[in-house]
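Chain and residue survey
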Amino acid sequence: MSVEAAGAARRSAAWATKAETAHGAAEAKHQRADRHVGSRDPVQQAHAALCLSQASAYEKDRDACMGMANMWAAVSGALLNAVPADEKEEA
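Scope of this entry: the structure provided in the associated data block. Computed from a prediction, not measured in an experiment: that's the story for all the values here. (Residues numbered from 1 in each chain as written. Predicted model: local features only at pLDDT ≥ 70, side-chain atom pairs only at ≥ 80, totals over all residues. Heavy atoms only, no water.)

A closer look at the packing of helix 1 (residues 3–36) against helix 2 (residues 42–81)
- The N-to-C vectors of helix 1 and helix 2 enclose an angle of 165 degrees; their axes lie 7 Å apart at closest approach. With respect to helix 2, the axis of helix 1 lies roughly antiparallel. When the axes of helix 1 and helix 2 are compared, the crossing they make is left-handed.
- Residues that form the contact of helix 1 with helix 2 fall into these classes: 24 nonpolar, eight polar and eight charged. (Axes fitted to C-alpha atoms, helices over the stretch in contact; angles between N-to-C directions. Helix = DSSP H or I, 4+ residues; strand = E, 2+ residues; numbered from the N terminus. Parallel < 35°, antiparallel > 145°, perpendicular 65-115°, else oblique. Left-handed = near helix turned anticlockwise from the far one by under 90°. Nonpolar A, V, L, I, M, F, W, Y, C, P; charged D, E, K, R; others polar.)

Right, here's the structure in full:
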């Protein structure tokens, strides 16, 4: 594996880890919101709405991180499949 392909693979893994972290945070916010849904207390209703808004932001962050992870995985794959310049000249 070339140095460039290995670097791209590491970047892909790092972005995937960030996506997993954002997913966990979104799940936690959904659970917190679930505790307050149906409450008659306006403060708890507001807290539930805030948690759902934060969960949505984490989900968008997760999607963006997965997009970056997939992009770096594609770069790594392309670099692995690339024919080195010196082999092209010989052919």
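So much for the structure itself; the text now carries on.
Observations concerning the packing of aromatic side chains
- Scanning the entire structure with this criterion turns up zero aromatic pairs.
- Stacked on the ring of Trp72, the Lys or Arg Arg11 has its end atom at 4.9 Å from the ring centre.
- The ring of Trp15 has Lys18 sitting right over it, with the charged end atom 4.3 Å from the ring centre. (Phe/Tyr/Trp six-rings, centres within 6.5 Å; stacked < 30°, edge-to-face > 60°. Lys NZ or Arg CZ within 6 Å of the ring centre and 35° of its normal.)

Focus: the pattern of salt bridges
- Within this structure, the stated rule accounts for one salt bridge.
- Residue Arg62 pairs with Asp63 through a salt bridge whose shortest N-O separation is 3.2 Å.
- Residue Asp63 is classed as partly exposed on the basis of its relative accessible area, which comes to 47%. (Salt bridge = Lys/Arg side-chain N within 4 Å of Asp/Glu carboxyl O. Buried < 20%, exposed > 50% of the residue type's maximum accessible area, 1.4 Å probe, protein only.)

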